[in-house]
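Breakdown of the fold
Given next are the chains, with one letter for each unit.
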Amino acid sequence: SPLQPSGLRFYRNQYQSLMRRRSRFWSGTVICRMGTKYFLTRRQFLKATLGSAAGLATTGMLDAGGVTRADDTSPTSNLSFLTEENFPDVISRRPGIDLTRDKMRLLLVFRENQTTDNVNAFLTPADLVLEDSVGTLPLLSYERINHSKKHFWVRKNQPGNANTPIDQSTYQYLGNSLHSRLYWAGPVHRYPGTKGREGLLCPSPNVLLLKFSPQVQGQMPLSLKKILDLAYLEEVPKRFQYLSPFRYYVLKKIGRQTVYAFQQMVLEGQIPFVEEARFENSPLLDPKMAPPTDPLYGSGNSGQWNLRRIGAEMGWTICSGQDKVVVWVLDDGVDTVDDSSKGLPGPHPDIRFVHPGMDMDTMGTIDVISTRDPAERPEPTHGTNCAGIIGTITNNLDSSGNSNPLGVAGLAGGGLGPAGCNTGCPIYPLVFFSSPVAGPATDAQVAQAFSFATRVHKGGISPDEPGYIAKPLGSVANLSYATGAAWDPAIIDPKIKEAFDAGIVICASTGNSNKNGVGYPASNLYVTACGASDRTDNRVEKANGFVWGSNYGDKLSVVAPGVEIPTTDAQDWPGQQRGNAGGDYDPAFWGTSAAAAHVSGLAALLLSKYPYLTPTQVRTVIEQTASKVGKFATGSPPQYPSMRTNGTWHEEMGYGLINVSEALSYPADVIIRDTLADTGAEPSSGVFWESPDIVIRPNEADPFSDTDVVLKNQDNYLFVRITNNGPGVARNIVVQARIVPYVGTQFTYPYDWQTNSTFVRPEPLTVTYPTIGQGLANQVVAKFKILRADVDTLWDWSNKMWHPCVLAEVTADNDFRHANNLPLIGPGSSTPQRNNLAQRNLTVLSGLPGAMILYPFIMGSAGSSGAKETELHIDRSQVPEHMSLVLDPHHDGAGLPRAGHTQRIGEIIADGEKIMGPLKVKHTHTIVRMQTSPGARYMLALKGEIPKDARRGDTYALRISQRDFKGNPPMGGATLVINVK
């Protein structure tokens, strides 16, 4: 295919630029280097610019013909790129990270599914063997080669462990003899600093992830489009949405070209508008951290010792899972597909699914009746094993409708505990399908999975899009995978951070290599790294008789059971073909895969019970409540030698073995009651500005024996009573108080606690506590001193028209609800709707019959962000009908010298009429509407006369409250109590 003039100009310009920059160019040195043996010489470049397609084909970027499209299954591909010259010795993933080629290995990708026998027959004439075949290096117990039905890792047959590389004759045989069967073949490279098989990977020769410069907005520049066309790179748009800022490009023709040269030119800044080019990487070792189902691992005790060991039974009395909390299982697949129309099983009956799952290859839904032939789908054993630990349905009926539960119990499977937290957490599979374009479980697929889960979690997917479910209450992502260095963090890490920031808890396996070093992505800062423990509560390690060991080290978070774990298995799937009888349960699943699934299940329970927890707080609870077990625990109580943020820690056990009952019992809920009947529910309701847990007294004795009493010319004392309403012991409690120098009907948090300079802070006396137990019996009383100077100015001692308002706040380290600063109902973020905040806005006046009453107050708050339409509710139901009462909307503020600046109310409406002056408050409930501004405060006053027929000892109560027009609960209020002398 002839070169286009625009393409020729591009390469000529590149050539001229390089001539100016590199004096050594004329000797034929590198322009586009692919490793240490790949050169584009001056002769080759000139040949290309003169119009020879074959010349540019040698760059590995263009193809001269005999090609097929990526979606073409015809057996006519030209595999002439299979040469030693076209496989670079060194590939730079990024500056400073050079991948070196292992010349003894290849990754072969076939067009159609192959059996092992067929592949071995193809390989024998070329003196090649499968990586895990007899005659190769022995597999370690924890290793499994990352073959799929189309992807096969091969190496040169090495008698006596010789290091003979694959030679040109082998490449020629593969190209000539297997061109009708092979889709492509890729070189195997090693990540720097790694040993053994863990550091081996294949950067796909036909896929690039490109990040364009900011100039590429909307329509792609014509010059860049032509460059990509010349390189035969074609975008797969459906994958960009979940890989942004990278865009997924595939060679649209498989022939002589690879993507390695193009990536190197991007790295050297030679491709305009392209900032980065990343490979899609497949690891040689299967990143799943457990072996497939195997009868040798299926014997032994089938009891679920693992759940009893981590305290699940006691934990289930608190919560066994909520169906609005979704667990995303990122894996090869879970047994969700309904093949009943083909005479095969439907979805696994013992697992609750919220969706059949999403295919990370096609970014489409895994159909209920799958469009993929069963033989094309990967084995869903590992994903089903992990999903079963997390969410196997508990106490479900068997197939005959009898009350005997099916199979095993899942940690978050529901069926036990209190209503509202016993419906069980459903599973949503995100499936790493292998395709001829890329290998199984590539870094691009993992990134897409996190990105898709984030979008759904945030409610950003519409009902007509593939994979839709309603926005979940909470999300946990389980990744029972780990690699040494095969996956590129530059592709995955940004998506992990997005998921974490959106509120998704992420749990991953540390790895089964028995080494000091947590695998990736468990090593990521935002991922909970899960190691495995054995029946003796020690780390699984070879020294204890196991053939594998749990990775450990500085990034380890916690451990969970990882040996002989009973769980679900893919139905009738003992081998490669669905439909052969093989059992639906695995009695002895193992590995750090199992450990990660336990931790994910616990995270799902925590979000079910406490949906306001952030991912950081979920991890904090899990780590702080872990049991200090194993041979490394010392002291009384048992602990580990190192101290970290969430307690004592050890490199082999992390913070310890997860403890379900302790974790679910851990969060506290310290409250200041708004009423004596307050249960701590949010938002508060009713008259919440008369808190019985806040009083002012002239002395320190019996503070709650009476109502407020204040004496002039001396210090007085403020008392705040605290109750721990949560299941756990509250830790590190701090109480604060503010005295407001006026009566207000709205206060905002945190403005009025941290910013409002007009508020007075009483002197703290006893305001901190190390712990507070649960319930009324363990209440504590914080004490503050109100200095004499403040007493003399905060109270109206001359006219006695008002008393100040008192605000109080309580916090605890493990009261996560308050720490999260939950959104409050109604505009303005009003404080009383949260149970950690309370106010006593109660003014008591005394007067003789016939005396005039003036009650000035302020509506609004300087810290509010409320609507511009506000309602003032005046409740005079406890005032005699004939008592005169007037609302003055333009009170001048006399009598509130410390109130500061206030605005004048504009238009007000009562009974449907505009009111310009004072309003007679005649009705039992009077509603006054007015236009207000965010952050503004307005001075008003109620004026009245105590009825002349009032008797001594009579008590009247007048309550005002502030709301918005939408009928939400009050933002705040104030109460005036009138005692008749």
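Everything below is about the structure printed above this text.
Residues numbered from 1 in each chain as written. Predicted model: local features only at pLDDT ≥ 70, side-chain atom pairs only at ≥ 80, totals over all residues. Heavy atoms only, no water.

Details of the pairing of strand β1 (residues 90-94)
We apply this condition: In this scheme, a residue with accessible area under 20% of its type's maximum is buried, one over 50% is exposed, and one in between is partly exposed, where area comes from a 1.4 Å probe on protein chains only. Counting from the N terminus, the helices are DSSP H or I runs at least four residues long and the strands are E runs at least two residues long. Here the rule is simple: two strands pair whenever DSSP picks up at least two bridges between them.
Burial of β1 is extensive: four of the five residues sit out of reach of the surface. As judged from the four bridges shared by β1 and strand β2 (residues 97-110), these two strands associate in the antiparallel manner. Paired with valine 90 across the strands is threonine 100, a residue of β2. Counting the residues that bridge the hairpin from β1 to β2 gives two residues, and of these glycine 96 lies at a positive phi of roughly 95 degrees.

What to know about the packing of helix α10 (residues 381-391) against helix α13 (residues 592-609)
This is how the line gets drawn: An axis is simply a line fitted to the C-alpha atoms; with a helix, the fit covers only the stretch in contact. Between two such axes, the angle follows the N-to-C directions and lies from 0 to 180 degrees. Crossing handedness is defined as follows: a turn of the near helix away from the far one that is anticlockwise and smaller than a right angle gives a left-handed crossing, while the clockwise case is right-handed. Contacts are assigned to residue pairs that have any heavy atoms within 4.5 Å of one another. Charged means Asp, Glu, Lys or Arg here, nonpolar means Ala, Val, Leu, Ile, Met, Phe, Trp, Tyr, Cys or Pro, and polar covers whatever is left, Gly included.
It is the contact of α10 with α13, at a shortest axis distance of 8 Å, that shows an interaxial angle of 35 degrees. Here α10 and α13 pass one another in a crossing that is right-handed. Residues His382, Cys386, Ile389 and Ile390 of α10 form the contact with α13, whose participating residues are Ser593, Ala594, Ala597, His598, Ser600 and Gly601. Class assignment for the residues of the contact of α10 with α13 results in five nonpolar, five polar and no charged.

Details of the sheet that holds strand β38 (residues 925-931)
Hydrogen bonds along the backbone pair up the strands of a sheet, which may run parallel or antiparallel. Strand order in the open sheet formed by seven strands is β31-β41-β40-β33-β38-β35-β36, and the pairing between neighbours is mixed. This sheet does not close on itself; its edge strands, each paired only once, are β31 (842-847) and β36 (913-915). Taking the axes of each pair of neighbouring strands and ignoring which way they run, one obtains an average angle of 25 degrees across the sheet.

Focus: the environment of glycine 531
By secondary structure assignment, the location of glycine 531 is in strand β16 (residues 528-533). When the C-alpha atoms of glycine 531 and glycine 591 are compared, they prove to be 8.8 Å apart, with 60 residues separating the residues in sequence. Once you skip the residues sitting within four places of it in the chain, glycine 531 turns out to touch Thr510, Ser550, Leu556, Val558, Val559, Ala560, Thr592 and Ala595.

Some details on the sheet that holds β16
A sheet is described by the order of its strands in space; here eight strands give the open sequence β12-β11-β13-β10-β14-β15-β16-β17, paired in mixed fashion. Of all the strands in the sheet, the pair left with one neighbour each is β12 (364-365) and β17 (558-561). Relative to strand β15 (residues 504-509), strand β14 (residues 474-479) is paired through five bridges, and the arrangement is parallel. Of the residues in β15, the one forming a bridge with leucine 479 is alanine 508.

Thoughts on the nonpolar core
Under the convention used in this document: The term nonpolar core refers to a set of buried residues drawn from Ala, Val, Leu, Ile, Met, Phe, Trp, Tyr and Cys, joined through side-chain atoms within 4.5 Å.
Core analysis: the biggest nonpolar cluster contains 125 residues, and Trp328, Leu430, Phe450, Phe452 and Leu606 have the highest contact counts within it. It is α13 that provides the largest number of residues to this core, a total of eleven residues. Other than its neighbours up to four places away in sequence, leucine 606 contacts Pro611, Leu613, Val618, Val621, Ile622, Ala663 and Leu664. Among the nonpolar cores identified, the runner-up in size contains 35 residues, and Tyr855, Phe857, Leu940 and Tyr956 belong to it.

Comments concerning the packing of aromatic side chains
For clarity, the cut-off: Note on ring pairs: Phe, Tyr and Trp rings are taken, using the six-membered ring of Trp, and paired if centres are within 6.5 Å. Classes follow the plane angle, with under 30 degrees stacked, over 60 edge-to-face and the rest tilted. A ring has a charge above it when a Lys NZ or an Arg CZ is no more than 6 Å from the ring centre and no more than 35 degrees off the ring normal.
According to the stated counting rule, one finds 19 aromatic pairs in the structure shown. With a centroid separation of 6.2 Å and an interplanar angle of 20 degrees, the aromatic rings of tyrosine 481 and tryptophan 487 are classed as stacked. Per residue, the accessibility class of tyrosine 481 equals that of tryptophan 487, and both read buried. Look at phenylalanine 688 and tryptophan 689: their rings are 5.2 Å apart centre to centre, the planes differ by 80 degrees, and that puts the pair in the edge-to-face class. For phenylalanine 688, a relative accessible area of 0% gives the class buried. For tryptophan 689, a relative accessible area of 3% corresponds to the buried category. Residue placement shows arginine 247 over the ring face of phenylalanine 240; its charged tip is 5.1 Å from the ring centre. It is arginine 721 that lies over the ring of phenylalanine 704; its NZ or CZ is 3.9 Å from the centre.

Details of the packing of α13 against helix α14 (residues 615-624)
As a packed pair, α13 and α14 sit with axes 10 Å apart at the nearest point and diverge in direction by 115 degrees. Here α13 runs over α14; the crossing is right-handed. Between α13 and α14, the contacting residues are Val599, Leu602, Ala603, Leu606 and Leu607 on the first element and Val618, Val621 and Ile622 on the second. Counted by class, the contact of α13 with α14 contains eight nonpolar, no polar and no charged residues.

With respect to the pairing of strand β8 (residues 246-251)
Counting buried residues along β8, six of its six residues qualify, which places the element largely inside the surrounding structure. On β8, burial covers both faces: Phe246, Tyr248 and Val250 on one face and Arg247, Tyr249 and Leu251 on the other are all buried. Alignment of strand β6 (residues 200-212) against β8, held across five bridges, turns out to be antiparallel. Bridge pairing in β8 places valine 207 opposite valine 250. Alignment of strand β7 (residues 233-235) against β8, held across three bridges, turns out to be antiparallel. Each residue of the ladder has a partner; that of glutamate 234, found in β8, is valine 250.

Re the state of the cysteines
The cut-off we apply is this: Working definition: a disulfide is two cysteine sulfur atoms within 2.5 Å of each other.
Summed over the entire model, instances satisfying the criterion amount to one disulfide. The partner cysteine of cysteine 319 in its disulfide is cysteine 421, sulfur to sulfur 2.0 Å. Taking the sign of the S-S torsion, about -70 degrees here, the bridge from cysteine 319 to cysteine 421 comes out left-handed. One end of the pair, cysteine 319, is in the loop between α9 (312-316) and β10 (325-331); the other, cysteine 421, is in the loop between α10 and β13 (427-431), and 102 residues separate them in sequence. We classify cysteine 319 as buried; its relative accessible area is 0%.

Observations regarding unusual backbone geometry
Of note, the bond from tyrosine 520 into proline 521 is cis; its omega dihedral lies within 30 degrees of zero at 15 degrees. Note that proline 521 resides in the loop between β15 and β16. Each neighbour pair has its own omega, and for serine 636 with proline 637 the value is -5 degrees, a cis peptide bond. Mapping proline 637 onto the fold places it in the loop between α14 and β20 (642-644). A positive phi angle, near 75 degrees, is found at phenylalanine 273, a position not held by glycine. Turning to its location among the elements, phenylalanine 273 is positioned in the loop between α7 (260-267) and β9 (274-283). According to the relative accessible area criterion, phenylalanine 273 is partly exposed, its value standing at 26%.

Considering the pattern of salt bridges
How we decide: We define a salt bridge as a contact between a side-chain nitrogen of Lys or Arg and a carboxyl oxygen of Asp or Glu at a distance within 4 Å.
All told, the structure shown has 33 salt bridges when counted by the stated rule. Between arginine 959 and glutamate 690 there is a salt bridge, and its shortest N-O distance comes to 2.8 Å. Of this pair, arginine 959 sits in strand β40 (residues 955-964) while glutamate 690 sits in the loop between β22 (670-671) and β23 (694-697), and the two are 269 residues apart along the sequence.

Observations concerning helix α5 (residues 168-177)
Test applied: Taken from the helix axis, the directions to the C-beta atoms give the arc we talk about.
Of all the residues in α5, the buried ones are Thr170, Tyr171, Leu174 and Gly175. Axial view of α5: buried residues confined to an arc of 130 degrees, hence all on one face. In this structure, the buried residues of α5 make contact with β2, β3 (128-130), β4 (151-156) and β5 (182-190).

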